Amino acid sequence: MTILYNPFFLLFITFVFLFLFRVVLIKTELIFTVKKKWRLFEDYFHVYQLFKVPKFNESMQRNQLYHKVFVYLNSLTSVEDSDFTNLFTGKKPNEILLRLDPNQIIEDDFLGAKILWINEDNNLVLKIRKADKRRVLRPYLQHIHSISDDLDEKKRDLKLYMNVVGHGDDQKGRWRCVPFTHPSTFETIAMESDLKNKVKSDLESFLKAKQYYHRLGRVWKRSYLLYGPSGTGKSSFIAALANFLSYDVYDIDLSKVSDDSDLKLLLLQSSAKSVIVIEDLDRYLSEKSTAVSLSGILNFMDGMLTSNCGEERVMVFTMNGKDHVDQAVLRPGRIDVHIHFPLCDFTAFKTLANSYLGLKDHKLFPQVEEIFQNGSSLSPAEIGELMIANRNSPSRALKSVIHALQTDGDGRGALNIGRRSTENGPRKLSGEMGEGSGVFGKEGANAVKEFKKLYGLLRVKSSRKSQSFDLNGDQKEGG
Ligand SMILES: Nc1ncnc2c1ncn2[C@@H]1O[C@H](COP(=O)(O)OP(=O)(O)OP(=O)(O)O)[C@@H](O)[C@H]1O
Ligand SMILES: [Mg+2]
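Residues numbered from 1 in each chain as written. Chains lettered and ligands numbered in written order. Predicted model: local features only at pLDDT ≥ 70, side-chain atom pairs only at ≥ 80, totals over all residues. Heavy atoms only, no water.

**A look at the sheet that holds strand 1 (residues 48-54)**
Judged by pairing direction, the sheet is antiparallel, and its four strands sit side by side in the order 1-6-5-4 without closing on themselves. Only two strands of the sheet have a single partner each, and these edge strands are strand 1 and strand 4 (105-110). The mean angle between the axes of side-by-side strands here comes to 25°, regardless of whether they run parallel or antiparallel. Here strand 4 pairs with strand 5 (residues 113-120) via six bridges, running antiparallel. In the sheet register, I105 faces strand 5, and the bridge partner there is I118. Together, strand 1, strand 4, strand 5 and strand 6 (123-129) form the strand contacts of helix 3 (residues 64-75), whose direction differs from that of strand 6 by roughly 70°. (Pairing = 2+ DSSP bridges. Helix = DSSP H or I, 4+ residues; strand = E, 2+ residues; numbered from the N terminus. Axes fitted to C-alpha atoms, helices over the stretch in contact; angles between N-to-C directions. Contact = heavy atoms within 4.5 Å.)

**Observations concerning the packing of helix 3 against helix 5 (residues 130-155)**
Packed helices, taken two at a time, are described by their axes: the angle between them and the distance between them. At a minimum axis distance of 8 Å, the contact between helix 3 and helix 5 shows a crossing angle of 80°. By the angle class used here, helix 3 and helix 5 are roughly perpendicular. Contacts between helix 3 and helix 5 pair L65, H67, K68, V69, V71, Y72 and S75 from the former with Y140, H143, I144, H145, I147, S148, D149, L151 and D152 from the latter. The residue inventory of the contact of helix 3 with helix 5, partitioned by class, reads eight nonpolar, five polar and three charged. (Parallel < 35°, antiparallel > 145°, perpendicular 65-115°, else oblique. Nonpolar A, V, L, I, M, F, W, Y, C, P; charged D, E, K, R; others polar.)

**Regarding the layout of surface pockets**
Approximately 1,300 Å³ is the volume found for the largest pocket. Forming the walls of the largest pocket are 38 residues, and the residues nearest its centre are E95, L97, R99, L151 and K155. Sorting elements by how many residues they give to the lining of the largest pocket places helix 3 first, with six residues. Here the residues of the lining of the largest pocket are counted per class, giving 12 nonpolar, 13 polar and 13 charged. (1 Å grid on protein atoms, 1.4 Å probe; cavity = no way out; pocket = protein on both sides within 12 Å on 5 of 7 lines; lining within 4 Å. Points joined across faces, edges and corners; volume = space filled by probe spheres on them.)

**Here's the deal with the environment of K55**
Topologically, K55 is positioned in the loop between strand 1 and helix 3. Residues K55 and L65 lie 10 residues apart in sequence; the distance between their C-alpha atoms is 8.2 Å. Beyond its immediate sequence surroundings of up to four residues, K55 is in contact with Q61, R62, N63, Y66, N122 and N123.

**Quick look at the site of ligand 1**
In the region of ligand 1, 18 residues are neighbours, and A190, S230, G231, S235 and S236 sit closest. Between ligand 1 and A190 there is a distance of 2.7 Å, counted from a nitrogen atom to a backbone nitrogen or oxygen. Within the side chain of K234, an N or O atom sits 2.8 Å from an oxygen atom of ligand 1. For ligand 1, the accessible surface in isolation is 620 Å², of which the surrounding protein chains cover 80%. Mapped by element, the contributors of at least two residues to the shell around ligand 1 are helix 7 (234-245), helix 12 (346-357) and helix 14 (380-389). In terms of residues, the shell around ligand 1 owes the most to one element, helix 7, which gives three residues. Of the residues contributing to the shell around ligand 1, the split by class is seven nonpolar, nine polar and two charged. For the shell around ligand 1, the domains that each give at least three residues are domain 2 (159-342) and domain 3 (346-455). (Near = heavy atom within 4 Å. Polar contact = N/O pair within 3.5 Å; in protein donor to acceptor, adjacent residues only side chain to side chain. Areas by Shrake-Rupley, 256 points an atom, 1.4 Å probe, with all protein chains shown as cover. Domains from an automatic or database assignment.)

**Some points on the sheet that holds strand 8 (residues 174-179)**
The sheet built from seven strands is open, its strands ordered 8-7-10-11-12-9-13 with mixed pairing. In this open sheet, the two edge strands, each paired with only one partner strand, are strand 8 and strand 13 (337-340). Neighbour-to-neighbour, the strand axes of this sheet turn through a mean angle of 25°, independent of strand direction. Sheet analysis places strand 7 (residues 159-164) next to strand 8, joined by six bridges and oriented antiparallel. Residue pairing for strand 8: K159 is matched across the bridge by P179. Helix-sheet contacts for helix 7 involve strand 9 (221-227), strand 10 (248-251), strand 11 (274-278), strand 12 (313-319) and strand 13, and the interaxial angle to strand 12 is about 170°.

As structure tokens, then:
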């Protein structure tokens, strides 16, 4: 019996009891009840002030603030965590929306202050501690304004703007627009998942840090260089990026720009929250097929950094290769993020097989993998095309991919002559891909070797990891 009086034994028993109590609290969710009661107890010692946001004004017109607060509250994660809420289907397939229920109470935190919202009939009531009101209320309402504006912006339909040739001075830099409906998303793009996540989190921090930069009075911008062979997903990536950000796309055709000032004007005439795109920049620079000078282009890139119109914009440039491009374009700090788009490897192939053929695995996969290990490579576009053409028979699709991979350069030439010469013909005249284009055409073994030297196994395997996402100081600061 003396053991019962042993202090170590008592301590042990106490620990066991506390542990079990904690387990019971968590398992039975009693913890939530305890927290709730504690909050009520705490509230008892505070004085609250209430602010009502009515749905309609005195003349029965809609109160815009009510709409903004409603949009804002429905986006809060606390809606998801509250005791009950309404679920509705959204516009997109499989989309489920959470919507406040009448009499639901939502909790929010802002600058360390706790704020409650009560959804009454036709009124939203804000409950805030008197002690916090002076410090928090005004910035909190501004915060609601800007968040709901962003959310409204996200819901609207996107547009694709293209520049047309101007006639006379007053027609300079005119944009024509069509609805932007490209279905590409980051999920549909075959890309190293690590890299994809890095890009997504980079964009997410871009969106978040916007508020921060606004407060500092700094221009908030992001620029990307996408480089890699034809058909590797650069244009699809731009569409995915625009869909991800819900930004309009301004696609600049440099051959239709009359001079440097016209290019500047185009930027000035674009709206905020947009992606400005110049595709095949290397081709324009090497062919000199634009009236815009190199310094005009550099100023255009830097214009994003220094002028007001750089706000809330993303700029994207694409190239087939960086090797023959003037170093001034590539110098650190000019374009924030460089992303390499390599030819298809086995991992990308598996992503394509999954999305195009619904195949997670197949008995022919080991054979495909072996061929990829030997250095054969096609672009994702080429593999995708073979899969689409044979989508009713996965085995036939895989066999045709294997055949194309085995025949490699020459085979690919045969496979793509028609498509490449029509769809991508003029793109292949420049620098790096100029040599590659020989392979895609009919230039034979030397060109194949040259092509492999440029884009072969070594590059695909080892350099894509290290080069594909070059973060520089500026970018990290932004993120
Ligand atoms: N990485 C990829 N993942 C999924 N699909 C891809 C990928 N790359 C290419 N494709 C498919 O191939 C087609 C052509 O791709 P895209 O136009 O994006 O290539 P690109 O790199 O822009 O080529 P180019 O340099 O010739 O403009 C698209 O229909 C796209 O769906
Ligand atoms: Mg493209």
